[in-house]
Each structure stands twice: as structure tokens, then as C-alpha cells.
Amino acid sequence: MKTLVLVEHDNASVKDATLATVTAASKLGEVHLLVAGSGCAAVADEAAKIAGVGKVHLADDAAYEHQLAENVAPLAAGLMADHDAFLAPATTTGKNIAPRVAALLDVMQISDIISVEGDKTFTRPIYAGNAIATVESSDAKLVITVRGTAFDKAAAEGGSGTVEAVSGPGDAGISSFVSAEIAESERPELTSAKIIVSGGRALKDAATFEEYITPLADKLGAGIGASRAAVDAGYVPNDYQVGQTGKIVAPEVYIAIGISGAIQHLAGMKDSKTIIAINKDEDAPIFQVADIGLVADLFNAVPELTGKL
Ligand SMILES: Cc1cc2nc3c(=O)[nH]c(=O)nc-3n(C[C@H](O)[C@H](O)[C@H](O)COP(=O)(O)OP(=O)(O)OC[C@H]3O[C@@H](n4cnc5c(N)ncnc54)[C@H](O)[C@@H]3O)c2cc1C
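Note that the structure is predicted; figures quoted are calculated from it, not measured.

**Brief notes about the UniProt feature "domain: Electron transfer flavoprotein alpha/beta-subunit N-terminal" (unreviewed entry) in the protein**
Here, UniProt's "domain: Electron transfer flavoprotein alpha/beta-subunit N-terminal" (unreviewed entry) annotation points to residues 3–181. In residues 3–181, the share of helix is 24% and the share of strand is 30%. The end C-alpha atoms are 33 Å apart.

Next comes the structure, spelled out in C-alpha cells:
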């Protein structure tokens, strides 16, 4: 089977989410990549070095600079004439593009797979991760998004793919990029951070969140996450949100502070290796998934913990 993997990038370098998708694709067969962007030849060269990669299709065109789904999906659908499966990371970019590719090919999309069981058989979580469905496709071509935390990352070095320029239909003329507001952060990106310190509604406001969560995260070199309640109340920007409608993470250590552990939050973090919870309510559901739990007032416990590190 020949697979085509959508490379996630910012026209300068390959994003980590791509690597787990390559691992999933390699379980299906030959791995080809699609780099769609503008001035992104360096991305294609970097992508060609990923272990196990064959051809890298480079579509370098101003129309693809911001990877607008309306422009990239027809390009990918065209390349699918020579491929059997299209795989994209289940990130905002992948989730935006893949279903349009599926519709253009008139096939189903299989979303957010967590394992490859056979050529056409996959598992994926449903009901906020409370059940795992095994699904088998009967479509001629597969369109799949891949949950990054469920697959090891392919090695970024060691491959010897060849880069081949391709052109697509270009600008569909039905959407345009206006501007981006990017949250500046020196911290590790949430979905690849080894340690995450996450705060919930109990943190009261933005200043308190900063005062209690940031020093602990700094000490641990950790990424910072939050529950939806903390995001909705404006303590932190919404790209901090962990959960069903936020980011799915699986770090080595996840520290949940003042988070009750609603199922929609657990859906985003319950695969973390070690979960530590600090909550003053001993009946909080978070303690059912925590490996280490501390029933305490966070306003005492967190500074004490930070001080001792
Ligand atoms: C469709 C849908 C999608 C959703 N998606 C998400 C999602 O992606 N992510 C997400 O997080 N939520 C999501 N939610 C919301 C979710 O249901 C919860 O409302 C939310 O997770 C609660 O956030 P919280 O735990 O911070 O707040 P709360 O549930 O209010 O919990 C606060 C916790 O802090 C504890 N606490 C209070 N004071 C202290 C103190 N001084 N010291 C220690 N502990 C203290 C309390 O005991 C309590 O357990 C979604 C909901 C819906 C309906």
C-alpha cells in the first residue's frame, strides 16, 4: 500500500506531529510525504531525512503558504490518484484538511486512530475516550487522522527520501489568510512536553494562575496546560486547554492542580505516564486516574512543593 502523509510545518521546519503520523503510515506500507507551503524547500529536505520515508512531494506555491484547507485539499486529493491512503496528524491543520480530502475522494474519514490493526482496520476512541471502537474500512482509498500521542515518533534522521516538485490546482480563490495571533511562549509545546503543569478553575484569576502555576512549571521545565473552566474564565489563552475540545497530551508527568477531573478533561490527559493531582476535595474524580494524589489546599501545597524542588 502507498500512503501519503501530510507534513505539518510552518514553512521553516517540520512539526513533531508529523513524526508520529509517519510511524502510523509505515504500518500500512510505503510512506510518501506531502509538503505544501511557500518557500518551504528546507522543510522538504528535512522531511526527506525522516527514517522510512520514500518520496517527498513538494508543492511550493504562494497559494499553499498558510495551508488553507480549500487550497491544500484539492492538491492532496489529486495526488491520491497514485496513493492508497492519506494520513494527517489529528491537529487543527490535519483536522481541517483531511475531511475535505475524504469528501473530494467520496470516501469516509477515519478520525483520530490510536492503532493500526490491519490494512483497513484501525482503533479509535469514542465517547470522550471511554470506549475504543475497532473500525474496518470498505472504501477503496483510506483517509485517516492520527492521534500523535498513540504512536512513537519516527526518527527525524536516517531517511533518504527523494524530493519531487509537484503542482496542484493552486488558489481555489474561495478563502484568504488575513492574520494570525500567535501566543508567544518559551515553554515546551504542550503536545510534546515531557512534563505538564495544568491548572483549573480553583486558580481564581489570571494573576493567581500565573503566581502559582508558572513558578512550579519553571522549576520543572514544564509546559503549562489548563482546564476548559480556566480558559473560559480567561485565566489563560485557549490554546492551553487540555481535553476533548482542546489538546490531547500524554507526557511523562501530568500535574493537575485544582482540576476536578471531568470526563472531557480526562479525555485529553488520561494516557499520561504519571498523573499527579492536587485538590482539596478528596472525592474529586481526578483522584480516580491519579497515580499520586494530594488532598490539600493548592494555595499552601503548590508554593511548598515549588520551594522544595
Ligand atoms: C462538550 C464539552 C466539551 C468539553 N471539553 C473540555 C475540555 O476539552 N477540557 C476541559 O478541561 N473541560 C472540558 N469541558 C468542561 C468540563 O466538563 C468541566 O466543566 C471542566 O473540565 C471543569 O474544569 P475544572 O476542573 O477546572 O473546574 P471545576 O470542575 O470547577 O473543578 C475545580 C476543582 O478545584 C478544586 N479546588 C477548589 N479550590 C481548591 C483549592 N484551594 N485547592 C485545591 N483544590 C481546589 C475543587 O475541589 C474542584 O475539584 C467540556 C464540556 C463539554 C460539555
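**Looking at the sheet that holds strand 9 (residues 142–146)**
A sheet is described by the order of its strands in space; here 7 strands give the open sequence 5-9-4-1-2-3-10, paired in parallel fashion. Because the sheet does not close on itself, it has two edges, and the strands there are strand 5 (109–113) and strand 10 (162–165). Each adjacent strand pair in this sheet contributes to an overall mean axis angle of 25°, direction not counted. Sheet analysis places strand 1 (residues 2–6) next to strand 2 (residues 30–37), joined by 5 bridges and oriented parallel. The residue bridging leucine 4 from the neighbouring strand is histidine 32, located in strand 2. Relative to strand 4 (residues 85–89), helix 1 (residues 17–26) is tilted by about 150°, and along the sheet it contacts strand 1, strand 2, strand 3 (53–60), strand 4 and strand 9.

**With respect to helix 2 (residues 41–48)**
In an α-helix, one full turn covers 3.6 residues, which means residues spaced three or four apart are oriented alike. Listed as buried for helix 2 are Val43, Ala44, Ala47 and Ala48. All buried residues of helix 2 fall inside an arc of 135° around its axis, so they share one side. Buried positions along helix 2 lie against strand 2, strand 3 and strand 10.

**Some words on the packing of helix 3 (residues 69–79) against helix 4 (residues 92–105)**
It is the contact of helix 3 with helix 4, at a shortest axis distance of 8 Å, that shows an interaxial angle of 50°. By the angle between their directions, the pair helix 3 and helix 4 is classed as oblique. Here helix 3 runs over helix 4; the crossing is right-handed. Across the interface between the two elements, Ala69, Glu70, Val72, Ala73, Pro74, Ala76 and Ala77 from helix 3 touch Asn96, Ile97, Arg100, Val101, Leu104 and Leu105 from helix 4. When grouped by side-chain class, the residues that make up the contact of helix 3 with helix 4 number 10 nonpolar, 1 polar and 2 charged.

**Things to note about the pattern of salt bridges**
Side chains that differ in charge, positive against negative, can pair when their charged atoms come close. Under the definition given, this model contains 10 salt bridges. Across the pair lysine 273 and glutamate 252 runs a salt bridge, and its minimum N-O distance is 3.6 Å. Taken together, the residues lysine 273 in the loop between helix 7 (263–269) and strand 14 (274–279) and glutamate 252 in the loop between helix 6 (228–232) and strand 13 (253–257) connect sequence positions 21 residues apart. Linking lysine 308 and glutamate 304 is a salt bridge whose minimum nitrogen-to-oxygen distance equals 3.3 Å. Pair noted here: lysine 308 and glutamate 304 are both in helix 9 (residues 298–308), with a separation of 4 residues, about one helical turn.

**Some words on the site of the ligand**
Every one of the 25 residues lining the ligand counts as a neighbour, but Arg201, Ser227, Thr245, Ser260 and Gln264 are closest to it. One nitrogen or oxygen atom from the side chain of serine 227 is found 2.5 Å from an oxygen atom belonging to the ligand. Note that a nitrogen atom of the ligand is positioned 2.6 Å from one of the side-chain N or O atoms of threonine 245. Looking at the shell around the ligand, the elements that each hand over two or more residues are helix 6, helix 7 and helix 9.

**Re the pairing of strand 2**
Of all 8 residues in strand 2, 7 are buried; the element is thus mostly enclosed. Chirality of the crossover, the property in question, places the unit of strand 1, helix 1 and strand 2 among those that are right-handed. Looking at chain direction, strand 2 and strand 3 are connected through 6 bridges and run parallel. The residue bridging leucine 34 from the neighbouring strand is histidine 57, located in strand 3. Note that the unit made of strand 2, helix 2 and strand 3 has a crossover that is right-handed.

**Points about the side chain of threonine 208**
Among the structural elements, threonine 208 can be located in helix 5 (residues 206–220). According to the relative accessible area criterion, threonine 208 is buried, its value standing at 13%. At a separation of 2.5 Å, a polar atom in the side chain of threonine 208 contacts the side chain of aspartate 205. Residues within four places of threonine 208 in sequence aside, it is in contact with Leu203 and Phe299.

**Topic: the side chain of threonine 214**
Mapped onto the elements, threonine 214 comes out in helix 5. In this view, threonine 214 contacts Arg187, Phe209 and Ile224; residues no more than four positions away in its chain are not counted.

**Some thoughts on the domain arrangement of the protein**
Each assigned domain of the protein is listed here: domain 1 (2–165) and domain 2 (195–308). Each of domain 1 and domain 2 was reduced to a C-alpha centroid, and the two centroids are 31 Å apart. Each partner contributes to the interface: domain 1 provides 5 residues, whereas domain 2 provides 7 residues. Summed over both sides, the interface of domain 1 with domain 2 buries roughly 550 Å², with 55% coming from carbon and sulfur. The three residues of domain 1 that bury the most area against domain 2 are Ala128, Arg147 and Thr149, which together make up 75% of that side's buried surface. One can count 0 salt bridges joining domain 1 with domain 2. Applying the counting rule to domain 1 against domain 2 returns 1 residue pair in polar contact (both at pLDDT 80 or more). Of the residues in the side of domain 1 that touches domain 2, the class split is 1 nonpolar, 3 polar and 1 charged.

How each quantity is defined
- Residues numbered from 1 in each chain as written.
- Predicted model: local features only at pLDDT ≥ 70, side-chain atom pairs only at ≥ 80, totals over all residues.
- Heavy atoms only, no water.
- UniProt positions renumbered as here; feature names shortened; annotations may be inferred.
- Helix = DSSP H or I, 4+ residues; strand = E, 2+ residues; numbered from the N terminus.
- Pairing = 2+ DSSP bridges.
- Axes fitted to C-alpha atoms, helices over the stretch in contact; angles between N-to-C directions.
- Contact = heavy atoms within 4.5 Å.
- Buried < 20%, exposed > 50% of the residue type's maximum accessible area, 1.4 Å probe, protein only.
- Arc of directions from axis to C-beta.
- Parallel < 35°, antiparallel > 145°, perpendicular 65-115°, else oblique.
- Left-handed = near helix turned anticlockwise from the far one by under 90°.
- Nonpolar A, V, L, I, M, F, W, Y, C, P; charged D, E, K, R; others polar.
- Salt bridge = Lys/Arg side-chain N within 4 Å of Asp/Glu carboxyl O.
- Near = heavy atom within 4 Å.
- Polar contact = N/O pair within 3.5 Å; in protein donor to acceptor, adjacent residues only side chain to side chain.
- Right-handed = clockwise from strand over helix to strand, strands pointing away.
- Domains from an automatic or database assignment.
- Buried area = accessible area lost by both parts, 1.4 Å probe.

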